Structures are given as C-alpha cells and as structure tokens.
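Residue-level structure breakdown
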Amino acid sequence: LPKVGVREASGEPFQKSHLKVMFEREGSRSDTTRLLFWIGASGGPQIVDTVFFPLTGVNWDTGLVSYRRVKTTEKIEFAALPPLLDLLRKRRDELGPGAVYALPELIFDRFALRDPKCNRVAFDRVPKDVATRGAFNGMKEMNAFFVDCGIKSKEITHKSFRKHNISFWSSLGIKLKTRMRM
C-alpha cells in the first residue's frame, strides 16, 4: 500500500476478461513471454525482479520460489503454479548446468549471449543500467503480448498481476496486514 500522502503508482488490476484471453493465448507465445506471464500469474514480483529470476531460487520439490529483489534486496517469496514449474524445468535443461538467470535473453545483449560463460555468474548487485535494460526488455515483451490479447489500456502493465492478486485477496476477506505481507 502507498505511504500516507504518496500517490499510488499507476496501473489497474486485470479483469476476468483480460485473464481469460491471456490464458487462451499464452500457449502460442515464446517461452520468454510464457515465463513472464506465469511468474506474474503465480503472484510474482515486479517486472525487474521477474526478469532477474534466478533458477537457484526455486525449490523443485515444493514449487516455492524465494530470492532477493533487485533494488531493495528484500526477500521475494511465492508459490510457482504448475505451468511455471514446467516451463522453468524446460528452461533449466535448455540453459544447462550452472545457468543463473531463467531469462538471460532479456538481461544480456546478443553479443554477451554468445559467450558460454555469460549466464554463469550472478550479479552481487545488479548494475542500474543492466536492471533498466532488463526491465525495459521485459515490459516490451509483455506489452506485445497484451496488444496481441487485445488489451490496449495504458493502465494495464505487468504490475496488474500483483494488483489483481491483492484485489482478489481483499475480496476473499484476507486481512490488510496479511495482504501486505503477501
């Protein structure tokens, strides 16, 4: 929730109609888009933290995901939905042993990706320009998906996943303090 006197960041939660069309079309998109979609649908984090999703953050037995936010280093925790786990297993196998990030194509430029060691070392602290590039690439990918789904509102962004979950939890009567922790 925003601090008192601070305007809430822009964006609206997804509506049922948005989610319906996204679920119908996500299977025809690239694995990159599908990973972004399912991380969001699983109750995942902001776009910059989604792009820097570490494969080591997944408990492959329970499906629980835990890692640190790029900007604040706060802990992120959520349960991956089964389709996300399937996509992550596939991506882990494709990237090979020692791969750090699930979405290197959004983080690194095409020249860096040619280096076999490119995605083998995690950033201790993600440089601001790298975080900005990753977030921009992730939003570009998601915006193309939204347009393909007929969702053209400037108020719909990747953050709409989080806003949808918060609205849903509120409608179920989950207490404010619990929602804030979630």
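Look up: the structure comes first, before these words.
What you see is a predicted model; the values in this text were computed from it and never measured.

Observations concerning the pattern of salt bridges
- Scanning all chains against the criterion turns up 12 salt bridges.
- A salt bridge links D148 to R25; the shortest N-O distance between them is 4.0 Å. With D148 in helix α7 (residues 128-148) and R25 in helix α1 (residues 16-25), this pair connects stretches of sequence that are 123 residues apart.
- For R25, a relative accessible area of 33% gives the class partly exposed.
- A salt bridge links D31 to K90; its shortest N-O distance comes to 2.8 Å. Separated by 59 residues along the polypeptide, D31 in helix α2 (residues 31-41) and K90 in helix α4 (residues 82-95) bring together distant segments of the chain.
- For D31, a relative accessible area of 19% translates into the label buried.
- Classification of K90 by relative accessible area gives partly exposed; the value is 39%.
- In this structure, a network of salt bridges that share partners links the residues R25, R29 and D148.

A word on the side chain of D49
- If you trace the backbone, D49 turns up in helix α3 (residues 47-51).
- Once residues within four sequence positions are removed from consideration, D49 is found in contact with Y67, R69, V70, K71 and I76.

Structural notes on the side chain of T33
- Along the chain, T33 falls in helix α2.
- T33 sits in the buried class, given a relative accessible area of 1%.

Rules behind the numbers
- Residues numbered from 1 in each chain as written.
- Predicted model: local features only at pLDDT ≥ 70, side-chain atom pairs only at ≥ 80, totals over all residues.
- Heavy atoms only, no water.
- Salt bridge = Lys/Arg side-chain N within 4 Å of Asp/Glu carboxyl O.
- Helix = DSSP H or I, 4+ residues; strand = E, 2+ residues; numbered from the N terminus.
- Buried < 20%, exposed > 50% of the residue type's maximum accessible area, 1.4 Å probe, protein only.
- Contact = heavy atoms within 4.5 Å.

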